[in-house]
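# Commentary on secondary and tertiary structure
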Amino acid sequence: MHTFWTILFGLIAFFWLYFGLRNLIGLLFLPWIGKFPPINADNAPRISLVFAARDEQEKLPIALQMLSKISYPNLEIIAVDDRSQDKTPAILDEAARTNDRLRVIHVKELPQGWLGKPHALQKAYEASTGEWLLFTDADVRFAPDSLARAMALVQSRSLDHLTLFGDVDREGFWDTVLLTFFGLAMHIAGESYRVSNPNSRAYLGIGAFQLVRRSAYEAVGTHKRLAMEVVDDIKLGKILKRCGYRSCVGVAVGFVAVRWHAGFRNLI
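All figures in this text were calculated on a predicted structure; none of them were measured in a lab.

### Re the overall build of the chain
On a plain count of helices and strands, the chain comes out with nine helices and ten strands. Counting all 268 residues of the chain, 47% fall into the buried class. Here the analysis covers contacts within the chain between residues at least 6 apart in sequence; of these, 83% occur between residues at least 24 apart. Accessible surface, the chain: about 13600 Å² in total, of which carbon and sulfur atoms supply 58%.

Below, the structure is given as structure tokens:
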């Protein structure tokens, strides 16, 4: 019995060591948007930054404040209030009065055959005008030049889809342990360093930042194809890659940040 447990835990340790090191080496080759100079204003295609918000009154104000400081020259922001029961609708409407780039859509009822977030993002897309769509979340914080650098990366590599790893706020022991484990597991499962290889079946979509060419998004069926997907962000990355569009994972540490879930119970 002692030999059995020794072999079992040895195999588990080997698995994590092997795949952990392989992914760590792969991550070294991911592009960092900080290394790309911001795109020139004359060459900046229109971006529609869209997000859904439901009962986000605690995190929304600081995120909206950061959105208002984005320096990208050709930007519209479309926020969808998805049937919120707190102060989210009022917070969004007040922000729209002081930010002429921000438009707010209020969803009162959820149609049959839809989950809330995919439906809200579909409504945002239908109201958008950008050549590019940036799908994000209501609690994400952007550095002023983050979009200009991301678009520079997109153009330099002729991409149709760019998704970014950013900073995830951690507080306390369990946040650090569980988020680190989750991040490692995500890297191992998604093989993010292989996503940009057109001959690889690897794909990834990170909800905090998915920049998608509008024509590609429409060609794969928009969020109508993801109407009942809980992990719509990952599945969007999947259908884009599987349909032959050029996808890439990058790193936006220092430029994109999110406070995901706080505490042991919420993380579980």
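### Points about the nonpolar core
Core analysis: the largest hydrophobic core is formed by 51 residues, its most contacted members being L49, F51, Y72, F142, L147, L162 and F209. Not counting chain neighbours up to four residues away, the residues in contact with Y72 comprise I39, A44, P45, I47, R101, P144, L147, A148 and M151.

### Digging into the pairing of strand 9 (residues 247–251)
Burial analysis of strand 9 places five of its five residues in the buried class, which makes it a mostly covered element. Both faces of strand 9 are covered, namely the face carrying S247, V249 and V251 and the face carrying C248 and G250. Sheet analysis places strand 6 (residues 161–165) next to strand 9, joined by five bridges and oriented parallel. Bridge assignment links T163 to a residue of strand 9, and that residue is V249.

### Some words on helix 3 (residues 88–98)
Of the positions making up helix 3, those classed as buried are T88, P89, L92 and A95. In a view along the axis of helix 3, the buried residues occupy a sector of 130 degrees, so they form one face of it. Exposed side of helix 3, more than 90 degrees from the buried face: R97 and T98 are the residues found there. At its buried positions, helix 3 is contacted by strand 1 (47–53), helix 2 (60–68), strand 2 (75–82) and strand 3 (102–107).

### Quick word on the pattern of salt bridges
Tallied over the entire structure, the rule returns twelve salt bridges. For the salt bridge of E218 with R214, the shortest nitrogen-to-oxygen distance reads 3.2 Å. With E218 and R214 both in helix 7 (residues 214–219) and four residues apart, the pair spans about one turn of that helix. Residue R214 is classed as buried on the basis of its relative accessible area of 17%.

### So, the sheet that holds strand 10 (residues 256–258)
Reading across the sheet, the three strands line up as 5-10-7 and stay open at both edges, with mixed pairing between neighbours. Here the strands that pair on one side only, and so sit at the sheet edges, are strand 5 (140–142) and strand 7 (167–168). Where strand 7 meets strand 10, two bridges bridge the pair, whose relative direction is parallel. When the bridges of strand 10 are listed, D167 appears paired with A257.

### A look at a nonpolar patch on the surface
A cluster of nonpolar side chains, contributed by F4, W5, F9 and I12, occupies part of the molecular surface with about 430 Å² of accessible area. With respect to the element layout, F4 can be found in helix 1 (residues 2–27). Of the residues examined, F4 reaches a relative accessible area of 48% and is grouped as partly exposed.

### Structural notes on the pairing of strand 3
Pairing analysis gives six bridges linking strand 2 to strand 3, with the strands arranged parallel. Along strand 3, the bridge assignment pairs V80 with I105. For the handedness criterion, the β-α-β arrangement of strand 2, helix 3 and strand 3 is classed as right-handed.

### Some points on the environment of A124
Topologically, A124 is positioned in helix 4 (residues 116–127). A124 gets classed as buried once you look at its relative accessible area, which sits at 0%. C-alpha of A124 to C-alpha of L49: the two residues are 75 residues apart in sequence and 9.1 Å apart in space. Not counting chain neighbours up to four residues away, the residues in contact with A124 comprise V50, I78, V80 and I105.

### Thoughts on the sheet that holds strand 3
If you trace the seven strands from one edge of the open sheet to the other, you get 3-2-1-4-8-6-9, paired in mixed fashion. A strand with exactly one partner marks an edge of an open sheet, and here the two such strands are strand 3 and strand 9. Adjacent strand axes in the sheet meet at a mean angle of 20 degrees when their direction is disregarded. Pairing between strand 4 (residues 132–137) and strand 8 (residues 210–213): four bridges, direction antiparallel. Residue pairing in the sheet places L134 in a bridge with L211 of strand 8. Strand contacts of helix 2: strand 1, strand 2 and strand 3, with the helix running at about 175 degrees to strand 1, the strand carrying the most contacts. Helix 8 (residues 232–242) rests against strand 4, strand 6, strand 8 and strand 9 of the sheet, and its axis sits at about 35 degrees to strand 8.

Criteria and thresholds
- Along each chain, numbering runs from 1 in the same order as the chain's sequence is written.
- Where local features are concerned, this predicted model is filtered to residues with pLDDT of at least 70; where side-chain atom pairs are given and counted, the filter is 80 or more; whole-chain, interface and lining totals use all residues.
- In computing side-chain properties, one takes all heavy atoms of the structure into account and sets aside hydrogens as well as water.
- Helix and strand definitions here come from DSSP, where helices need a minimum of 4 consecutive H or I residues and strands a minimum of 2 consecutive E residues; each element is numbered from the N-terminal end.
- Each residue is assigned to one of three classes by its accessible area relative to the maximum for its type, calculated with a 1.4 Å probe on protein chains only: buried under 20%, partly exposed between the two thresholds, exposed over 50%.
- Throughout, a residue-residue contact means that at least one pair of heavy atoms, one from each residue, lies within 4.5 Å.
- In these tables, accessible area is a Shrake-Rupley quantity obtained with a 1.4 Å probe, and a residue counts as shielded only by the protein chains included in the view.
- Buried Ala, Val, Leu, Ile, Met, Phe, Trp, Tyr and Cys residues form a nonpolar core when they are joined through side-chain atoms within 4.5 Å.
- By the convention used here, strands pair only if DSSP detects at least 2 bridges between them.
- Each direction from the helix axis to a C-beta atom contributes to the arc, which is the arc of those directions.
- Here a salt bridge means any side-chain nitrogen of Lys or Arg lying within 4 Å of a carboxyl oxygen belonging to Asp or Glu.
- The patch calculation keeps residues exceeding 30% relative accessible area without a salt bridge and links them within 9 Å when they carry like charges or within 5 Å when they are nonpolar (Val, Leu, Ile, Met, Phe, Trp, Tyr).
- Seen with its strands pointing away from the viewer, a crossover is right-handed if its path from the first strand over the helix to the second goes clockwise.
- An axis is simply a line fitted to the C-alpha atoms; with a helix, the fit covers only the stretch in contact. Between two such axes, the angle follows the N-to-C directions and lies from 0 to 180 degrees.

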